[in-house]
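Topology and contacts: notes
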Amino acid sequence: MTNKTAGLTEDTQIGAPQIRELSLHDVRASLRDGWDDFRAHPGYGLFFGGIFMLGGLLILGFLTRIGSPWMIIPLAIGFPLLGPFVAVGLYEVSRRRRMGEPITPKGVLAQVFYQRERQLGWMAFVVMFIFWIWVYQVRLLLALFLGFKSFSSWGRFVDIVLSTPEGWGFLVVGTIVGAFLATVLFSTTVIALPMLAEREVDFVTAMITSIATVMKNPLPMLGFGFIVGVCTLVALLPAFTGLLLVLPVLGHATWHLYRRATSPV
């Protein structure tokens, strides 16, 4: 029985979906659809993207205040992945547009807040755990490679990293470890988050389905992950303002890729 007041919708489905084969064409089409969703309803994208941008500026201000501006790179890379509840708003806009349902601020925000009562809340803990592993390994590698170096400013940190053997070792090992953790986090969440927003399914099943989707379609899925990573890094450069555009488009695109990976379009 449908219960719209509780946040369920007419097309809510129960259980894990079947996984379909994807191609690079599906990735391109999902990105195109994500851009179309953003253009059709830019206000929602700018609102949710603005939350991430504000978060980045607050993190930068805090790190500068405590004399650790160099930590902005690992934290900035990771913090956009900590917003599954915010991403739900983008998924809901895409879902309503696809179904021809009215898109209203009240309806979209209600769906976001409703996720506190569902399995997506547990998924947030999983994402947070992986994020803290990411931050911890950065600090561990700093201690191992640069423990006897002094850098209290961003400029000093860059100089040490780029001009010393220890800094080169930190970059190489950090890149390898970071790429591994990013792949784990991406594989665990890319399908799981939109699935939990749409379906009545437990978060463990959602994570298993997400990983299985990546394993079945490694080239298109990891290609999409590479695009997400590069676009997010570029968006961080102009004082986080690029997140206003990049994160909403990628959020909408993730929804469309999920739909292509798990059900007929």
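Residues numbered from 1 in each chain as written. Predicted model: local features only at pLDDT ≥ 70, side-chain atom pairs only at ≥ 80, totals over all residues. Heavy atoms only, no water.

Concerning the overall build of the protein
Scanning the protein for helices and strands turns up 12 helices and two strands. Tracing the protein from N to C terminus, the helices and strands come up as β-α-α-α-α-α-α-α-α-α-β-α-α-α. In the protein, buried positions account for 51% of the 265 residues. Taking the intrachain contacts of the protein between residues at least 6 apart in sequence as the baseline, contacts between residues at least 24 apart amount to 76%. With the model as given, the accessible surface of the protein reaches about 13,400 Å², and the carbon-plus-sulfur share is 71%. (Helix = DSSP H or I, 4+ residues; strand = E, 2+ residues; numbered from the N terminus. Buried < 20%, exposed > 50% of the residue type's maximum accessible area, 1.4 Å probe, protein only. Contact = heavy atoms within 4.5 Å. Areas by Shrake-Rupley, 256 points an atom, 1.4 Å probe, with all protein chains shown as cover.)

A word on the packing of helix α1 (residues 24–40) against helix α11 (residues 218–236)
Interaxial distance between α1 and α11 falls to 8 Å at its minimum, and their mutual angle equals 35 degrees. For the crossing formed where α1 meets α11, the hand is right-handed. Across the interface between the two elements, L24, V27 and L31 of α1 pack against L219, P220, F224 and I227 of α11. When grouped by side-chain class, the residues that make up the contact of α1 with α11 number seven nonpolar, no polar and no charged. (Axes fitted to C-alpha atoms, helices over the stretch in contact; angles between N-to-C directions. Left-handed = near helix turned anticlockwise from the far one by under 90°. Nonpolar A, V, L, I, M, F, W, Y, C, P; charged D, E, K, R; others polar.)

Brief notes about the confidence of the model for the protein
Chain-level pLDDT for the protein is 81 on average; 82% of the residues reach the 70-or-more range. Least confident of the elements in the protein is helix α3 (residues 72–78), whose mean pLDDT is 61; most confident is α1, at 96. A low-confidence stretch, residues 1–6 (pLDDT under 50), is modelled with five contacts involving residues beyond four sequence positions or located in other chains. (pLDDT = per-residue confidence, 0-100.)

Focus: the nonpolar core
Core analysis: the biggest nonpolar cluster contains 48 residues, and M123, V190, I191, L196, M221, F224 and L243 have the highest contact counts within it. If one sorts the elements of this core by residue count, helix α12 (residues 243–262) sits on top with nine residues. Membership of the second largest hydrophobic core comes to 12 residues, among which are W134, V138, F157 and F170. (Core = buried A, V, L, I, M, F, W, Y, C linked by side-chain atoms within 4.5 Å.)

Describing the packing of aromatic side chains
One pass over the structure, following the stated rule, counts five aromatic pairs. Ring geometry for W255 and Y258: centres 5.4 Å apart, planes at 55 degrees, overall tilted. Residue W255 and its partner Y258 are located together in helix α12, separated by three residues, close to a single helical turn. Here the aromatic residues Y91, W255 and Y258 are joined through ring pairs into a cluster of three or more. (Phe/Tyr/Trp six-rings, centres within 6.5 Å; stacked < 30°, edge-to-face > 60°.)

Some thoughts on the pattern of salt bridges
Evaluation of the coordinates by the stated rule reveals seven salt bridges. With a shortest N-O distance of 2.9 Å, R95 and E101 are connected by a salt bridge. Several salt bridges converge on common partners, so that one network encompasses E92, R95, R96 and E101. (Salt bridge = Lys/Arg side-chain N within 4 Å of Asp/Glu carboxyl O.)

Observations regarding the packing of α1 against helix α2 (residues 42–65)
Across the interface, α1 lies against α2 with an axial gap of 5 Å and an inter-helix angle of 100 degrees. Classed by the angle they form, the pair α1 and α2 counts as roughly perpendicular. Across from F38, R39 and A40 in α1, the residues of α2 making contact are P42, G45 and L46. Counted by class, the contact of α1 with α2 contains four nonpolar, one polar and one charged residues. (Parallel < 35°, antiparallel > 145°, perpendicular 65-115°, else oblique.)

What about the environment of Y114?
Following the sequence through the fold, Y114 ends up in helix α5 (residues 105–114). Counting along the chain gives 83 residues from Y114 to A197, while the straight-line C-alpha distance between them is 9.6 Å.

A few points about a nonpolar patch on the surface
A contiguous nonpolar surface patch, about 360 Å² in accessible area, is contributed by F47, I51, L109 and F113. Residue assignment for the nonpolar patch shows that the elements contributing at least two residues are α2 and α5. Locating I51 in the fold gives a position in helix α2. (Patch = residues over 30% accessible without salt bridge, like charges linked within 9 Å, V, L, I, M, F, W, Y side chains within 5 Å.)

Looking at the side chain of T164
Along the chain, T164 turns up in the loop between α7 (154–163) and α8 (165–189). Engagement of the side chain of T164 in a polar contact is seen with the backbone oxygen of I160, the distance being 2.5 Å. One polar contact links the side chain of T164 to the main-chain amide nitrogen of G167, over a distance of 3.0 Å. (Polar contact = N/O pair within 3.5 Å; in protein donor to acceptor, adjacent residues only side chain to side chain.)

Some details on the environment of P248
Take P248: it is sitting in helix α12. For the pair P248 and G49, spaced 199 residues apart in the sequence, the C-alpha separation amounts to 5.9 Å. Filtering out sequence-adjacent residues up to four positions away, P248 remains in contact with F38, G45, G49, L90 and L243.

Quick look at helix α10 (residues 203–216)
Between the first and last C-alpha of α10 there are 20 Å, a value that for 14 residues agrees with the 20 Å anticipated at 1.5 Å per step. For α10, the full list of buried residues reads F203, A206, M207, T209, S210, T213 and V214. The buried residues of α10 occupy an angular sector of 165 degrees when projected down its axis, which confines them to one face. α10 presents I208 and M215 as exposed residues on the side facing more than 90 degrees away from its buried surface. (Expected span 1.5 Å × (residues − 1). Arc of directions from axis to C-beta.)

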